[in-house]
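An overview of the molecular structure
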Amino acid sequence: MRHLLSTRDLSRDDAIHILDVAEDMADTQTREVRKLPTLRGKTVVNLFFEDSTRTRISFEAAAKRLSADVINFSAKGSSVSKGESLKDTAQTLEEMGADAVVIRHGASGAPHTLAASGWIDAGIVNAGDGTHEHPTQALLDAFTMRRRIHGTASRGRGLDGITVAIVGDILHSRVARSNVWLLSALGARTVFVGPPTLIPLDLTGWPAETSYDLDATLATQPEVVMMLRIQTERMKDAFFPSPHEYARRWGLDDERLARLGPDTIVMHPGPMNRGLEISSRAADSPQSTVREQVANGVSARMAVLYLLLSGERED
Amino acid sequence: MGARIVLQHADISRALTRIAHEILESNRGADDLVILGIPTRGVVLARRIATLVSEFSGIDVPVGSLDVTMYRDDLSRHPTRAPSPTSIPPRGVDGATVVLVDDVLYSGRTIRAALDAIGDIGRPRAVRLAALVDRGHRELPIRPDFVGKNLPSSPSERIYVRLEDVDGEESVTIEQGPTGDQGSSIEGSAS
């Protein structure tokens with residue numbers, strides 16, 4: 001693997017291979033010494049133009065567990081705030097000897113630009129670009145589902161026949177976009193659920209169905225219910241009348257939680273707005289994978305960094 | 001040129017039986033033994049040796065697999081290797097005598113990686129090494145404790161270990177390299 005820019009480029013075999021390596025990485029995390037010498041001497045740069053503490057520390061933990069050197073670069077208070085271009089930033093990192101660049105950027109397509117530009121030789125990992133994709137989140141989500149559903153027999157398997165309801169702000173969600181392609185590659189079915197104002201009008205070509213009625217979708221007993229964060233900064237844009245109304249119609253409250261089967265998985269990429277898209281009881285229920293997702297995120301990112309940085313360079 | 005058979009099915013069984021007895025002899029019984037195979041064929045051999053040791057001693061000997069991919073020193077010299085699963089028996093390795101099992105012992109670099117991997121899992125009382133074939137050409141100060149067959153070879157030759165459970169047949173052959181077929185073990189050149 002040279003870069004990881006989008007889950008859309010991943011075949012079923014690619015995806016299963018990454019998830020299997022993530023299983024191996026997860027196994028090593030139960031050892032007495034959790035640090036592997038695998039990427040000794042490699043340098044991973046976390047290049048974050050948007051704030052994201054969770055994703056950044058997850059990548060940082062993953063790189064450090066593999067013994068890579070980590071340089072954190074956040075745009076705030078850096079040369080970027082003085083007007084430096086992406087090109088100059090990239091060339092600076094190149095000269096510093098970055099072997100991989102993990103990039104989070106507000107503009108959709110920025111990681112792709114970096115990978116295709118020739119400004120930098122490093123492997124590029126997309127850690128979220130605009131409203132486009134967030135592939136490692138989709139990988140950790142699929143990994144979490146596979147472990148919950150298949151347990152220790154997960155290796156080599158997809159998510160065939162599983163239905164995943166993704167609920168909330170689909171319109172702005174790169175998590176939803178990355179998930180839908182990966183889930184489709186793995187054989188799962190995706191249903192987008194949310195208010196019409198937060199679901200893209202034209203979903204032609206997307207392997208997903210649409211529902212505006214959460215209760216109707218839950219009645220079909222999906223195996224996975226993934227709640228997306230309502231970005232409170234978007235509230236003022238009047239996508240829905242009030243937080244209260246959103247919670248009542250599309251939130252996973254205690255009453256809806258009680259209707260889920262005991263094996264239904266409740267997921268959330270975090271950070272959660274408890275009481276808005278998910279109730280506290282749902283977030284802390286045995287069905288909830290919120291904390292597993294954090295641990296699995298490190299394993300999935302270790303797998304991606306390993307596949308990107310070990311082995312002879314294939315150009 | 002062509003393949004010369006070095007060990008046949010019965011030879012391999014006899015060698016493993018002898019190794020099992022030697023392990024019991026040197027450990028003075030089966031107490032605190034943990035047998036760990038190195039994927040792929042080392043794991044198969046480890047299971048067989050563990051079965052034999054359990055049979056001879058009447059004590060169930062824990063057996064597992066130890067993947068060393070992420071500890072190798074040649075990761076950036078080969079195409080990306082897919083790691084194999086590691087499974088350590090529930091008792092762990094602390095205070096145990098760990099017997100590492102590999103099919104072909106060559107440069108010793110795989111074993112160096114395995115020693116590092118074990119060190120991250122716990123602190124065994126001792127680590128021993130069993131190999132079905134020792135072909136020489138060590139590049140590190142590592143030696144086996146239990147050997148099925150010493151097989152002096154030239155670095156240009158390749159050694160293929162085929163085992164029933166993995167390859168559907170059972171033999172050890174030596175072939176003139178470097179263009180040996182890729183059908184079975186390449187551990188002979190990689191270890």
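This section reports on the structure supplied with the text. Treat the numbers as computed from the prediction; the structure is a model and nothing was measured. (Residues numbered from 1 in each chain as written. Chains lettered and ligands numbered in written order. Predicted model: local features only at pLDDT ≥ 70, side-chain atom pairs only at ≥ 80, totals over all residues. Heavy atoms only, no water.)

This part is about the layout of surface pockets. All names here are of chain A. By volume, the largest pocket amounts to about 830 Å³. Surrounding the largest pocket, 34 residues form its lining, Ser52, Thr55, Arg104, Gly270 and Pro271 being those nearest its centre. Listing elements by their share of the lining of the largest pocket, those giving two or more residues are helix 2 (53-65), helix 5 (135-150), helix 6 (174-185) and helix 11 (290-309). Examining the composition of the lining of the largest pocket, we find that six residues originate from one element, helix 11, more than from any other. Here the residues of the lining of the largest pocket sort into nine nonpolar, 15 polar and 10 charged. (1 Å grid on protein atoms, 1.4 Å probe; cavity = no way out; pocket = protein on both sides within 12 Å on 5 of 7 lines; lining within 4 Å. Points joined across faces, edges and corners; volume = space filled by probe spheres on them. Helix = DSSP H or I, 4+ residues; strand = E, 2+ residues; numbered from the N terminus. Nonpolar A, V, L, I, M, F, W, Y, C, P; charged D, E, K, R; others polar.)

Tracing the sequence through the fold places Thr38 of chain A in the loop between helix 1 (12-28) and strand 1 (43-48). There is a polar contact of 2.7 Å between the side chain of Thr38 of chain A and the backbone oxygen of Met70 of chain B. Discounting residues that sit within four places of it in the chain, Thr38 of chain A has contacts with Leu66 and Tyr306 of chain A together with Met70 and Leu75 of chain B. (Polar contact = N/O pair within 3.5 Å; in protein donor to acceptor, adjacent residues only side chain to side chain. Contact = heavy atoms within 4.5 Å.)

Considering soluble globular proteins, one finds that nonpolar side chains tend to be buried as a cluster. Of all hydrophobic cores here, the largest spans 81 residues; its most connected members are Met25 and Phe192 of chain A together with Leu66 and Leu100 of chain B. Here this core takes nine residues from helix 11 of chain A, the largest share from any one element. Residues lining this core come from more than one domain, with at least three contributed by each of domain 1 (7-134 + 295-309) and domain 2 (135-289) of chain A. Once you skip the residues sitting within four places of it in the chain, Phe192 of chain A turns out to touch Ile166, Ile170, Ala176, Val180, Ile199, Leu203, Trp206, Ala208, Glu209, Thr210 and Ser211 of chain A. Counting 33 residues, the second-largest nonpolar core is a separate cluster that includes Leu16, Ile19, Leu132 and Ile174 of chain B. (Core = buried A, V, L, I, M, F, W, Y, C linked by side-chain atoms within 4.5 Å. Buried < 20%, exposed > 50% of the residue type's maximum accessible area, 1.4 Å probe, protein only. Domains from an automatic or database assignment.)

Taken together, the contact between chain B and chain A spans 20 residues of the former and 20 residues of the latter. In total, about 1600 Å² of surface goes out of reach between chain B and chain A, with carbon and sulfur atoms giving 55% of it. Of all residues in chain B, Met70, Thr80 and Asp120 of chain B bury the most surface against chain A, accounting for 37% of the area lost on that side. Counting the contacts that link chain B with chain A gives seven residue pairs in polar contact (both at pLDDT 80 or more). A class-by-class count of the residues in the side of chain B that touches chain A yields eight nonpolar, eight polar and four charged. (Buried area = accessible area lost by both parts, 1.4 Å probe.)

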